[in-house]
Amino acid sequence: MAQDDAQSSIEILSLEDKLGRNVFKIDKESPHIVIDHDICRQQCTLRPCLFVCPAHLYTFNDERDEVFVDYEGCLECGTCMIVCEDEALTWHYPRAGYGIQYRFG
Ligand code: SF4
Ligand code: SF4
């Protein structure tokens, strides 16, 4: 096969495409991120978790006055745990066999 043919057969993926190929095995029985909402309400005004997650998994529910994390799409980077200086998050890696399976590194 000529080099040009080989290069043209290589698929060039965007970051979003690469992330979209990851596979998640969801642990419904034991979420690996749990939020203590009382600590959030009493101690945190800036809510940095809403801004730092690379997968945009944190949202704020005005009606419930609660931060919500969609842990099922977690990339397991640990950033939210680091920025939560009030220690409202209980964070651990998912149990063996669960969580993200990266397909591109
Ligand atoms: S950073 Fe921590 S304490 Fe602040 S809203 Fe997020 S989870 Fe709650
Ligand atoms: S560990 Fe990373 S990807 Fe997962 S919720 Fe926290 S910031 Fe988002």
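As the structure is a prediction and not an experimental result, all values here were calculated from the model.

Basis of the calculations
- Residues numbered from 1 in each chain as written.
- Chains lettered and ligands numbered in written order.
- Predicted model: local features only at pLDDT ≥ 70, side-chain atom pairs only at ≥ 80, totals over all residues.
- Heavy atoms only, no water.
- Helix = DSSP H or I, 4+ residues; strand = E, 2+ residues; numbered from the N terminus.
- Buried < 20%, exposed > 50% of the residue type's maximum accessible area, 1.4 Å probe, protein only.
- Contact = heavy atoms within 4.5 Å.
- Lys, Arg positive; Asp, Glu negative; His and termini not counted.
- Charge placed at Lys NZ, Arg CZ, Asp CG, Glu CD.
- Pairing = 2+ DSSP bridges.
- Core = buried A, V, L, I, M, F, W, Y, C linked by side-chain atoms within 4.5 Å.

### Observations regarding the overall build of the chain
Piece 1. A count of helices and strands for the chain gives 5 helices and 6 strands.
Piece 2. The order of α-helices and β-strands along the chain, N terminus first, is α-α-β-β-α-α-β-β-α-β-β.
Piece 3. Taken along the three principal axes of its C-alpha coordinates, the chain extends 65 × 30 × 25 Å.
Piece 4. Counting across all 105 residues of the chain, residues that qualify as buried make up 28%.
Piece 5. The contacts of the chain with a sequence gap of at least 6 include a subset with a gap of at least 24, amounting to 67%.
Piece 6. In the chain, 9 side chains carry a positive charge and 19 a negative one; their mean positions are 6 Å apart.

### Concerning the pairing of strand S4 (residues 66-69)
Piece 1. Relative to S4, strand S3 (residues 58-61) runs antiparallel, the two sharing 4 bridges. Opposite asparagine 61, over in S4, you have glutamate 66 as the bridge partner.
Piece 2. In sequence, S3 turns back onto S4 through a hairpin of 4 residues, with aspartate 65 there showing a positive phi of about 55 degrees.

### Some thoughts on unusual backbone geometry
Piece 1. One non-glycine residue, aspartate 65, lies in the positive phi region at around 55 degrees.
Piece 2. According to the relative accessible area criterion, aspartate 65 is partly exposed, its value standing at 35%.
Piece 3. The residue glutamate 76 is not glycine, and still its phi comes out positive at about 60 degrees.
Piece 4. If you trace the backbone, glutamate 76 turns up in the loop between S4 and helix H5 (79-83).

### Concerning the nonpolar core
Piece 1. Within the largest apolar cluster, 17 residues are counted, with the highest numbers of intra-cluster contacts made by Ile33, Ile35, Tyr58, Val69, Cys80 and Leu89.
Piece 2. The set of elements that each furnish at least two residues to this core consists of strand S2 (33-35), helix H3 (37-43), S4 and strand S5 (89-91).
Piece 3. Ignoring anything within four residues of it in the chain, the contact list for valine 69 reads Ile33, Ile35, Leu57 and Tyr58.

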